[in-house]
Amino acid sequence: YSNFNYTIDKQIISLIVRNLLNNAIKYSPNNTEICLSTNFNNKSIIIEDQGFGMTNEMINYLNNNNLNKIEAKGSGIGLKLCFLGLTLYGMQLLD
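Scoring rules and cut-offs
- Residues numbered from 1 in each chain as written.
- Predicted model: local features only at pLDDT ≥ 70, side-chain atom pairs only at ≥ 80, totals over all residues.
- Heavy atoms only, no water.
- Axes fitted to C-alpha atoms, helices over the stretch in contact; angles between N-to-C directions.
- Helix = DSSP H or I, 4+ residues; strand = E, 2+ residues; numbered from the N terminus.
- Parallel < 35°, antiparallel > 145°, perpendicular 65-115°, else oblique.
- Left-handed = near helix turned anticlockwise from the far one by under 90°.
- Contact = heavy atoms within 4.5 Å.
- Nonpolar A, V, L, I, M, F, W, Y, C, P; charged D, E, K, R; others polar.
- Buried < 20%, exposed > 50% of the residue type's maximum accessible area, 1.4 Å probe, protein only.
- Polar contact = N/O pair within 3.5 Å; in protein donor to acceptor, adjacent residues only side chain to side chain.

**Q** Could you clarify how one ought to interpret the packing of helix H1 (residues 10-27) against helix H3 (residues 77-88) in this entry?
**A** Helix packing geometry: the angle between the two helix axes and the distance between the axes. The interhelical angle for the contact between H1 and H3, taken along N-to-C directions, is 140 degrees, at an axis separation of 9 Å. By the angle between their directions, the pair H1 and H3 is classed as oblique. Every pair of crossing elements has a handedness; the one defined by H1 and H3 is left-handed. Contact residues: Ile12, Leu15, Ile16, Asn19, Leu20 and Asn23 in H1; Gly78, Leu79, Leu81, Cys82, Gly85, Leu86 and Leu88 in H3. The residue inventory of the contact of H1 with H3, partitioned by class, reads nine nonpolar, four polar and no charged.

Put into structure tokens, the structure is as follows:
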């Protein structure tokens, strides 16, 4: 693995990871695994769960501030904050 460095505010990355993990817990069936890992080759943080995931349509709604179109429990504000935090640093949210 090649090392990489990325400077990001620890409060922002903490908010992003915490919210994505909370969503993984909330939307995954009981007694299923949630895996947090990193991939040094493509410089990513990966959260894998057994939830229904996010479609490209949902990601487009986030990008266009259409939170009311996302069909999930809650308001979607936490996910929008994650999305904004990532885009602030030139990163992206993928399914």
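**Q** What is the right way to read unusual backbone geometry from this model?
**A** It is generally the case that most residues other than glycine have a negative phi and that most peptide bonds are trans. Non-glycine residue asparagine 31 carries a positive phi angle of around 60 degrees. For asparagine 31, the position within the fold is in the loop between H1 and strand S1 (35-39).

**Q** How do you make sense of the side chain of serine 28 when you look at a structure like this?
**A** Structurally, serine 28 is set in the loop between H1 and S1. Assessed through its relative accessible area of 10%, serine 28 is described here as buried. Here alanine 24 takes part through its backbone oxygen, which lies 2.6 Å from a polar atom of the side chain of serine 28. There is a polar contact of 3.5 Å between the side chain of serine 28 and the backbone nitrogen of glycine 51. Setting aside residues no more than four positions away along its own chain, serine 28 makes contact with Ile34, Asp49, Gln50 and Gly51.

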